[in-house]
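Fold and geometry: a report
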Amino acid sequence: MTRQTDSKYYLKALKNILRKGKKSQSALSDIASKLGLNFGVIGCDEMLLFGTISEGFQSFNLSLDDVVYGRLLTSNEDGRLLANMLMVLVEKELEKKKIGNEVLGLYREINMIYSFSEMISEKIDEKSIAEMALTEASQIINSTHGLFLIYEPKQNEVVELASFGLNPEKEKNIHKLNVLLKELISRGTSAIVPSNKIINNPALNHLKTIMYAPLKVKHRTLGMVILGNSEEKEFTAAELKLLTTISLQSAGALETAHLYQKGLKEAKEREEAIRSIHEVSQKFVPNEFIKSLGKDRLTEVSLGDLVEKEVTVLFADIREFTTISENLDPEDNFLFINSFNKRMGPIVRKNDGFIMQYLGDGFMALFPNGSQTALRASVEMHSELRIFNEERAVKERFPIKLGIGMQNGNLIMGITGDIERLDAAIISDTVNTASRIEGLSKHYGSSILLTDNCKNNLTHPEEFDFRYLGPVQVKGKQKPIDLYECINGDNEQLSKHKLATLKTFEEGMKQYFMKEFAMAAVTFQQIVKKERSDSAAKLFLNRSAHMITQETGDDWKGIATISSK
């Protein structure tokens, strides 16, 4: 600011003290009275701000950093004390305003980061992510040029995803500086480029200032974001920090986009694996299914035979099946699936259930006697899985994980098809819901996930330990479903941790649903610090932290909406 601008800025602070601060006016008057002074305060615009003035009064300048913004006129020399007091008050007023501006700026930055994070999380392609990142960066950081670059390992080349600002030689310069760009990306650090390096590089001399930040995910750097300005403008450390934050958010979104594309590929591979297995198993119908229809043998069933029953439907899924299967040839893949099913099938039958359908990387089982037997089987399956993994470890094979979801309700079992081709079928929304719950077990990081219907159906709930995970609105359902995590299926270390922190977790959930998000975040953080693998606590920590900056209406009930199947 210029000296004239400074004087007006300081004068405004002086006016705030004299016109709005009754305590300040009272203090000045009391001191003047004790010193036997008559006084008046005028601004640098020669306007009387406070008190009265007469001819012959002594004048004392009110100044800051050699900039005079007013005068104090008093009846004698003791007025200097009063002038010093006024100048101290003005300094304090300016400091208060500075702090307020800094807090407001910080709030805006935090709000921007959360808003950007929410918007970019909706993007699933690289180009959209890159364009949004540069748009957001250019809006909050004064820049005339920008580049969003990623490293393509297969081509061993740095390429552009998005850019802004006029640069006719852009593609040529990127190619020319590819070695340097790869080196900067490999370092994975942020920096403001020194002006001498810009001047001495012909590819950069259209810019006056440059800074960059890496697109970093965990221990990998995907690329970098570069901002530049063709005007004489120095980037600040605060702006570099903002760019780094935007780059980190963008890198996370890129990684999610990659995983999404990979997930589509894995889904197709899984469908192929399931189809190949079902070509062999489609001729077989579970014996328990035939008995449920009141028949003893498959030859006794007829088209249209059906029965309506209340059962518990259980879906079990081998986690990361595609990753495991990629390292196996088809024969070993089939042997692996059979070795898993041979262990789990007997446990299902032991607990009065039967496997209705094998799904390649898991199975669907029915328990006609209800949730108690289904949940017992789920806990036993996880116990058996730990023994299985110990045997796999001896053979230097990867451990496998199992996710289970279940729902209780009515369904129709029957024989459908035509006179030439019969098939066993079940028709019920209960099956769809159970499948959704199994999918949600991945989202919550739970080994066993069940609905309130299942929990209420238990005949001996005291056998198990639960954590309430709140209501969720799944795709295809009108009403939300309350979810519970059965922690008895976890490994010993994680299970002990969840039991020890159960009351803390329940307190965190209570705070979350009472909209005390800051307190909930602190509570869940305490749990996560004790055990980083507690996925549900980590999920609600992130939800609570996100909700701190969100506005919630009176109708907010904390219902999580899950759009995927």
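Residues numbered from 1 in each chain as written. Predicted model: local features only at pLDDT ≥ 70, side-chain atom pairs only at ≥ 80, totals over all residues. Heavy atoms only, no water.

1. With respect to the overall build of the protein chain
Quick note on the threshold: Going along the chain from the N terminus, every DSSP run of H or I of four or more residues is numbered as a helix, and every run of E of two or more is numbered as a strand. What the globule rule says is 2.2 Å times the number of residues to the power 0.38, and the radius of gyration is computed from C-alpha atoms. Charged residues are defined here as Lys and Arg on the positive side and Asp and Glu on the negative side; His and the ends of the chain fall outside this count. Charged groups are reduced to one reference atom each: NZ for lysine, CZ for arginine, CG for aspartic acid, CD for glutamic acid.
Regarding its fold elements, the protein chain presents 18 helices and 18 strands. Taken over the C-alpha trace, the protein chain has a radius of gyration of 35 Å; the compact-globule value for 565 residues is 24 Å, which it surpasses by more than 25%. Each charge class in the protein chain was averaged separately, 72 positive and 76 negative side chains, and the resulting centres sit 3 Å apart.

2. Some thoughts on the pattern of salt bridges
Operational definition: Only one rule defines a salt bridge in this text: a Lys or Arg side-chain nitrogen within 4 Å of an Asp or Glu carboxyl oxygen. Residue exposure (1.4 Å probe, protein chains only): buried if accessible area is under 20% of the type maximum, exposed if over 50%, otherwise partly exposed.
Across all of its chains, the model carries 22 salt bridges by this definition. Residue Glu-169 pairs with Lys-172 through a salt bridge whose shortest N-O separation is 3.9 Å. For Lys-172, a relative accessible area of 55% gives the class exposed. For Lys-496, the salt bridge is made with Glu-492, and the minimal N-O distance between the two is 3.1 Å. Residue Lys-496 and its partner Glu-492 are both found in helix H15 (residues 492-500); the two are separated by 4 residues, about one turn of the helix.

3. What to know about the environment of Gln-58
Note the threshold: Residues count as neighbours in contact if any of their non-hydrogen atoms are within 4.5 Å of one another.
Positionally, Gln-58 belongs in strand E3 (residues 58-64). In this structure, the C-alpha to C-alpha distance between Gln-58 and Glu-77, residues 19 residues apart in sequence, is 7.0 Å. Once residues lying within four places of it in the same chain are set aside, the contact partners of Gln-58 are Leu-72, Leu-73, Thr-74, Asn-76 and Glu-77.

4. With respect to the nonpolar core
Under the convention used in this document: Nonpolar cores were defined as sets of buried Ala, Val, Leu, Ile, Met, Phe, Trp, Tyr and Cys residues, with membership established by side-chain atoms within 4.5 Å.
Among the nonpolar cores identified, the biggest contains 34 residues, and Leu-314, Phe-340, Phe-363, Leu-375, Met-381 and Met-406 are the most heavily contacted of them. Elements with a minimum of two residues in this core: strand E10 (306-318), helix H10 (321-326), helix H11 (330-350), strand E12 (362-367), helix H12 (371-394), strand E13 (402-417), strand E15 (448-451) and strand E17 (481-486). Top contributing element to this core by residue count: H12, with 7 residues. Discounting chain neighbours no more than four positions away, the residues touching Met-381 are Leu-314, Met-344, Ile-347, Val-348, Phe-363, Leu-402 and Ile-404.

5. Focus: the packing of H11 against H12
Relative placement of two packed helices is described by the angle separating their axes and the distance separating the axes. What counts is decided by this rule: Note on geometry: axes are lines fitted to C-alpha atoms, helical ones only across the stretch in contact, with angles between N-to-C directions running from 0 to 180 degrees. Relative orientations are named as follows: roughly parallel for angles under 35 degrees, roughly antiparallel for angles over 145 degrees, roughly perpendicular for angles from 65 to 115 degrees, and oblique for any other angle. Crossings are assigned a handedness: left-handed for a near helix turned anticlockwise from the far helix by less than a right angle, right-handed for a clockwise turn. The nonpolar class holds Ala, Val, Leu, Ile, Met, Phe, Trp, Tyr, Cys and Pro. Asp, Glu, Lys and Arg form the charged class, and all remaining residues, Gly among them, are polar.
Running from amino to carboxyl end, H11 crosses H12 at an angle of 150°, the nearest separation of the two axes being 10 Å. Viewed along their axes, H11 and H12 adopt a mutual orientation that is roughly antiparallel. In this structure, H11 meets H12 at a crossing whose hand is right-handed. Of the residues in H12, those in contact with Phe-336, Ser-339, Phe-340, Arg-343, Met-344, Ile-347, Val-348 and Lys-350 of H11 are Ala-377, Glu-380, Met-381, Glu-384, Leu-385, Ile-387, Phe-388, Glu-391 and Arg-392. Its residues assigned to classes, the contact of H11 with H12 comprises 10 nonpolar, 1 polar and 6 charged.

6. Some points on the pairing of E15
Every other side chain in a regular strand lies on the same face of the sheet, so the side chains alternate between the two faces. Inclusion rule: Strands pair, by our definition, only if DSSP identifies at least two bridges between them.
Both faces of E15 are covered, namely the face carrying Ile-448 and Leu-450 and the face carrying Leu-449 and Thr-451. Note: E15 against E17, 3 bridges, orientation antiparallel. Following the sheet pairing, Leu-449 is matched in E17 by Glu-485.

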